[in-house]
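Here's the letter readout for the chains.
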Number of protein chains: 4
Amino acid sequence: MTTPLHEEKVFKDPVHKYIYVQDQTIWDLINTKEFQRLRRIRQLGTCFLTFHGAEHSRFSHSLGVYEITRKIISQFERNAYVDWPKEERLLCLCAALLHDVGHGPFSHSIEKTFGTHHEEWSCRIVLGDTEVNQVLRQASPTFPQQVAGIIAKTYTHEIVVSLVSSQLDADRMDYLLRDAYFTGVNYGTFDLERILRVMRPYQGHIVVKESGMHAVEDYLMSRYQMYWQVYFHPVTRSAEVILHKIFQRAKHLYESSYSFRFMLPPLLNLFNQALTVDDYYLLDEALMQTALMQWSMEEDRTLADLCSRFLQRRLFQYITLERIDDGQMERLRAQLERFGIDPAYYLEIDFPSDLSYDVYRPGVHDEKLPILLLDSKDRLTEISRKSEIVRSISGIHMGKYHLYYPQEFITKHLSQFDPDLQKLLST
Amino acid sequence: MTTPLHEEKVFKDPVHKYIYVQDQTIWDLINTKEFQRLRRIRQLGTCFLTFHGAEHSRFSHSLGVYEITRKIISQFERNAYVDWPKEERLLCLCAALLHDVGHGPFSHSIEKTFGTHHEEWSCRIVLGDTEVNQVLRQASPTFPQQVAGIIAKTYTHEIVVSLVSSQLDADRMDYLLRDAYFTGVNYGTFDLERILRVMRPYQGHIVVKESGMHAVEDYLMSRYQMYWQVYFHPVTRSAEVILHKIFQRAKHLYESSYSFRFMLPPLLNLFNQALTVDDYYLLDEALMQTALMQWSMEEDRTLADLCSRFLQRRLFQYITLERIDDGQMERLRAQLERFGIDPAYYLEIDFPSDLSYDVYRPGVHDEKLPILLLDSKDRLTEISRKSEIVRSISGIHMGKYHLYYPQEFITKHLSQFDPDLQKLLST
Amino acid sequence: MTTPLHEEKVFKDPVHKYIYVQDQTIWDLINTKEFQRLRRIRQLGTCFLTFHGAEHSRFSHSLGVYEITRKIISQFERNAYVDWPKEERLLCLCAALLHDVGHGPFSHSIEKTFGTHHEEWSCRIVLGDTEVNQVLRQASPTFPQQVAGIIAKTYTHEIVVSLVSSQLDADRMDYLLRDAYFTGVNYGTFDLERILRVMRPYQGHIVVKESGMHAVEDYLMSRYQMYWQVYFHPVTRSAEVILHKIFQRAKHLYESSYSFRFMLPPLLNLFNQALTVDDYYLLDEALMQTALMQWSMEEDRTLADLCSRFLQRRLFQYITLERIDDGQMERLRAQLERFGIDPAYYLEIDFPSDLSYDVYRPGVHDEKLPILLLDSKDRLTEISRKSEIVRSISGIHMGKYHLYYPQEFITKHLSQFDPDLQKLLST
Amino acid sequence: MTTPLHEEKVFKDPVHKYIYVQDQTIWDLINTKEFQRLRRIRQLGTCFLTFHGAEHSRFSHSLGVYEITRKIISQFERNAYVDWPKEERLLCLCAALLHDVGHGPFSHSIEKTFGTHHEEWSCRIVLGDTEVNQVLRQASPTFPQQVAGIIAKTYTHEIVVSLVSSQLDADRMDYLLRDAYFTGVNYGTFDLERILRVMRPYQGHIVVKESGMHAVEDYLMSRYQMYWQVYFHPVTRSAEVILHKIFQRAKHLYESSYSFRFMLPPLLNLFNQALTVDDYYLLDEALMQTALMQWSMEEDRTLADLCSRFLQRRLFQYITLERIDDGQMERLRAQLERFGIDPAYYLEIDFPSDLSYDVYRPGVHDEKLPILLLDSKDRLTEISRKSEIVRSISGIHMGKYHLYYPQEFITKHLSQFDPDLQKLLST
């Protein structure tokens, strides 16, 4: 089923030094046009507007997830662990490589506006009439279904799913290291090699030897820090807000039969919610940025202004609020309207939130698989029961409200606002 | 003339850790739309197809060149060197920041096909009706002219020009470190901090204390290695070749009045060789990639095929030749034509070449400024006269010929080629 | 009072890249024989027996503490903060450099056995008839007293003391980074440059801008991890235990008038608790290791065995206990004695403990200075009131009991132990 | 013959991240007292007096050489290269681990004075009545002889010898990386992983695929730079000079029946040139430093002064000379004597020299094995025939003469020297 390559191939990678490809199937998947398309999708969306180094693509992340998975499995094989289902190797590697193949440009904002979902698209690409599908079918007729199952987390073997998608999976491990590397922050570093060494297949789960608990704590702290320092950085969110407003506005105009001066064809089916797999291939970040550039010259002033802001990085200002005073927000919207600014597109309250580590609550739907420690007496314990650190970050919910608005406008009119709003906005 | 910022601003940078902005002028320049546009131009063109990490932009490189220049000047000021013209500080910083502002997408191929030149464009942007020009004029009415002079290397003070453009300048120092970081190779690393410490302004030149000679050797070796391992990598060149062929073909079609199904408007003036500064702003890498994607669906089979190859990374194969046998090449072209393949677009001989360090030959036009060592008795000596290493790499001209061609075609028809060509192409 | 050096001097340092010396006084202090002696004292005592890279000396750490202090002060001066008492600069630097000058070899064990105290010795060296004292007096007649005051934390300016000794001081910042570098673990890394940028002198304290809270959290987590992964590693503690037993045994023998075959003269005054500053100079790690080597050939079998164990790294085995059962320990001691093993030297219960961050409890004696956050409205808040992470690690007291004993002996006699002890020791 | 360990053991290593031990024999060798003794011998002798981080031991280097050898062999096995003699694996690993086991403290100076030789001692320890010998014999009765043969380069299989000792061996690869890491310079870094990937066993040699030539060039340049920047640093050499003078003086005094106040017993047999393997075990760097400390209090003023200089780092000053003027040196010696300074101990001309890469000259005795490139047509070529860089550094012989002398003495008397000497010494 799997043909080893005559000679191992390598990719130079800044995070893992080298990425090793040993199977013809993996090599062929990398060379499909759908996978190559990931070179044209940034891994971190708008984050490069905050951290200018964060220009890396989903292509390199996908290779990284594959490589970590390969290392884990190779360790399992070297130690001949009986609980590891050897026959799942190639399937795991394919799923690791392809788990993000359905990501589009600026996924977050697009998905929010148009209701698409990248995991669904990953499955559609795996199952549809694509080069990826063709390569998988060569490996085995059931491979496309199985890979899609892993991506959708419906595959029967939890152990396989959890390598690619759990609280301690190859996906998270790669993106923390990679995003830390490219942004230049050093929050995301943890001892990958040590974590790989303490992972074990055990009774259908991937577990961690108890002696590795501190390394896992360190990994979870990295995650916590990356969320608050990088992923939820208010400047990044400001760009997200603008992008979302752009798509909302464009959609609204389209639905109002506004006559666009510029409309790249593949966007039509996005607006019509009728994207095919072939359309989706064309919908990369280059196309989206070209659309933004074109729309910055549209006649609709709101759309044009928002697009210019994004391209020229004139983002919204923000202030932090402990809580939201609805009456105050109502008055703010009214003021904006009085000065001819549409609050639907120029005001946003954002509340980022992520639990760094969710304690496992059995029975709760769509749970992420928890991290289990294996002690010297072969007992399994969920990590937060042993680690005070994990327990403490499990519950932390540090999100604060941020209010986003166009600074230069406010500055101009501030003196005419009511005193309470003046106080709010003058910090 | 220069207003210090109330509070220093910083950018997180993976190469220099932080980039420090201390002047309002610099801050304003960074926020111009022309400078922000550099975020949409990759630093290394097609190199990401060989080294997937090399997705960084000219934006981050430009900040890096600025930062190194700032560090050098700050060292000169801290040591109160009398040979340093203090009044040139802000001018130098502006020129460092802006030296690449005229770079377009895939500069190499575009310039080769359409005869544009990025340094000219930098000057046009500095001098034209742009936000950059406006910010510079606020600093001083003569600033735009002076900055353009430094970029064009016509500015009267050699010492200022050489910080930004010489054999050991802030530009080269940043790109070696940065390109090494993002590709993940470790050839480009050298001791920047030490080199900065041994640089001195001296009698109108930037010179290096003799005790720093080994650090400079190391820097020159890094450069040598980066050229051969990264910049001239045959896979990168293969992508360059294809890109060049694409532009040649599109130009040819345009000039032959071919009716394009797709033509993004800003490209028209490129084809007409009538680009304005406003057009140039629109001409970023997103637009160019979108054009490639559109052209991959053109009816002209040559254009469509070449574009698909580039986007899907189905590059030309290459073989290395010690020298070119013209007769043999002639026969190869003939064979290709016989099988319906146009050798003008499907065959290329490439000969990359760079001298890692040019010995200074006074009187020779357009010389790069050499590296001068300052000994303990205040004598200046050109470095290659003291360093055998530098002498040895000065002359090295390792370039080899590479022949690029579409492998799958050759494989198909190889048996019908003449024996000599079969032997050549079957390696 | 302070003479700047004609030309800045540098030390190459793996952690800070370079260490910059700009004052004659600092240069002279480094060249005293008392400071050079720190080259012969390992920074991490017995830790090299666990992490073989941890062979670095207190000399390099002391330079590092000096360098971080220099960077902090230089930042304060560059920003011209009015709350920074400029005249304390050189004093601070001297205290930073000298704070560990009184450290002896294997301080922990020696101090425990002989009641010496390294901070007292630092003061004695600063105040006594030494080269260090002479250099300090040249800077100012009151300098020795002031430096000693900072070391003893009795100096009147809290702001000066807290740079060298507080919850976020140059000492801790250097040792976390340095020990992480030399052991090779990556727990100790945090963003030093960012922390330095958010430190401010404010109303007699060193405080941290609130926006830097996450960087401080990261630093405190590093500290937490380094304690549990490195400093309290049970193998390191095992070596500590043996060393302590060695000194106890040697002291006991000396007090029992045992006739030593080998006794290096400087040790006599240690045993007599009559060390002079001149004796102390001779008491370096080389001498101590030579003594251990000599004693491994003593006739007293206990002393000889313990020394051989240390030198050949045949350390005690350990088991982890949740709590101590006194009766069980009593029986264990009795068993050991029955088989001719003296439990006073071959059994130890160890309970390592450190609070990663102590919340400030005013009025409590000998408090470490807390970390204060300065918000945008100039209010100070103790960090654990804002950070859930800090709050959670503040209270963590993960110490567990470890029981240390000579494995090979136990293995030999285990079958003759009572069943409860057999169970205890057979894990 | 070789028992795999039940569970792989690891050492945390700053250079290789982890060192993996998989064989009982290797584990047992590491735990012998002779191997543990290497913890008490610094890898770089006096270099820590120039680069304070260079305090690492031969223990960690020896583990590193073992680890690189293990990685090479494991690559050979993974690829199932037929030219690799699989049965030599454990033997190779043992030889790699033990090749430096005979190193003594400050080998260079001691060997120069007393005519010992560390490779001979390695063989004596391997063959003598030692724990090392015992462990080797358990693996196979002929193992001690074979390991000694590899160390002495007399073993019949060149391929085995060359892994441990050639122009591109595990020894050099580890020390360049390790010494660069601990000193903090970045000259020694090269792409180890890539070099390992291009090494091949081939017809009884270890060769390198031609595509890896640039990586090997980079390694050779690292070596060149490390020699001139670190190993031959004039301050390090100055400490070497003093150390050599100390041993010369002590030897002279001993042979002149001077009555030493202090003489540590193991030194007697060194002076008598009658060291046994048991004596050698005692002769570590701690003992040697303790001797220097004791001798700094000897009555012989020359010995006492030289020892104080070394311990307090009051080294000799140096000047660089293009060539030596014998007459001038004669006059200098005479002057020194006139002022009561013995030139035999207070003056030294030093000429460091190493060829970074020796071209192989067949037939020349004691040749280092050259680096052979394997091209795609299976032809072998010595690297300097293909690489201009290698050719250029092969011949470089940059050594300059350095004259070492006690500065403070010269300063005092300089005005009374003849004008020529005044000029020489006043730089």
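What counts as what
- Residues numbered from 1 in each chain as written.
- Chains lettered and ligands numbered in written order.
- Predicted model: local features only at pLDDT ≥ 70, side-chain atom pairs only at ≥ 80, totals over all residues.
- Heavy atoms only, no water.
- Helix = DSSP H or I, 4+ residues; strand = E, 2+ residues; numbered from the N terminus.
- Buried < 20%, exposed > 50% of the residue type's maximum accessible area, 1.4 Å probe, protein only.
- Polar contact = N/O pair within 3.5 Å; in protein donor to acceptor, adjacent residues only side chain to side chain.
- Contact = heavy atoms within 4.5 Å.
- Buried area = accessible area lost by both parts, 1.4 Å probe.
- Salt bridge = Lys/Arg side-chain N within 4 Å of Asp/Glu carboxyl O.
- Nonpolar A, V, L, I, M, F, W, Y, C, P; charged D, E, K, R; others polar.
- Axes fitted to C-alpha atoms, helices over the stretch in contact; angles between N-to-C directions.
- Parallel < 35°, antiparallel > 145°, perpendicular 65-115°, else oblique.
- Left-handed = near helix turned anticlockwise from the far one by under 90°.
- UniProt positions renumbered as here; feature names shortened; annotations may be inferred.
- Pairing = 2+ DSSP bridges.

### A few points about the side chain of Ser 384 of chain D
Residues and elements named next belong to chain D. In this structure, Ser 384 sits in the loop between strand S8 (380-382) and helix H20 (388-395). The exposure class of Ser 384 is buried, given its relative accessible area of 5%. In terms of polar contacts, Ser 384 uses its side chain to reach the side chain of Glu 382, at 2.5 Å.

### A closer look at the interface of chain B and chain D
With 22 residues of chain B at the contact, the number on the chain D side is 22 residues. Carbon and sulfur atoms make up 52% of the area that chain B and chain D hide from each other, which totals about 2,000 Å². Summed over the shared surface of chain B and chain D, the result is 0 salt bridges. Summed over the shared surface of chain B and chain D, the number is 8 residue pairs in polar contact (both at pLDDT 80 or more). Contributions of two or more residues to the side of chain B that touches chain D are made by helix H12 (213-231) and helix H20 (388-395) of chain B. Broken down by element, the residue count for the side of chain B that touches chain D peaks at 10 residues, all from H12 of chain B. Residues belonging to the side of chain B that touches chain D are distributed by class as follows: 11 nonpolar, 6 polar and 5 charged.

### Thoughts on the packing of helix H13 (residues 234-255) of chain D against helix H17 (residues 301-311) of chain D
Residue and element names in this part refer to chain D. Here H13 crosses H17 at 150°, and the two axes come no closer than 9 Å. Relative to H17, the element H13 lies roughly antiparallel. The handedness of the crossing between H13 and H17 comes out as left-handed. Here Ala 239, Ile 242, Leu 243, Lys 245, Ile 246, Arg 249, Ala 250 and Leu 253 of H13 lie close against H17, whose contacting residues are Thr 302, Leu 303, Leu 306, Cys 307, Arg 309 and Phe 310. Residue composition of the contact of H13 with H17, grouped by class: 10 nonpolar, 1 polar and 3 charged.

### Examining the UniProt feature "domain: HD" (unreviewed entry) in chain A
Residues annotated by UniProt as "domain: HD" (unreviewed entry) correspond here to residues 58-176 of chain A. Across residues 58-176 of chain A, helical content stands at 68% and strand content at 0%; the span's end C-alpha atoms are separated by 13 Å.

### Here we look at the sheet that holds strand S7 (residues 372-374) of chain C
Residue and element names in this part refer to chain C. Spatial ordering of the open sheet is given by S3-S4-S7-S8, a layout of 4 strands whose pairing is mixed. Two strands close off the open sheet at either side, each with one partner strand: strand S3 (199-202) and strand S8 (380-382). Looking at each pair of strands side by side, their axes are set apart by 45° on average, direction ignored. With 3 bridges joining them, S7 and S8 adopt antiparallel strand pairing. Among the inter-strand pairings, Leu 373 is bridged to a residue of S8, identified as Thr 381.

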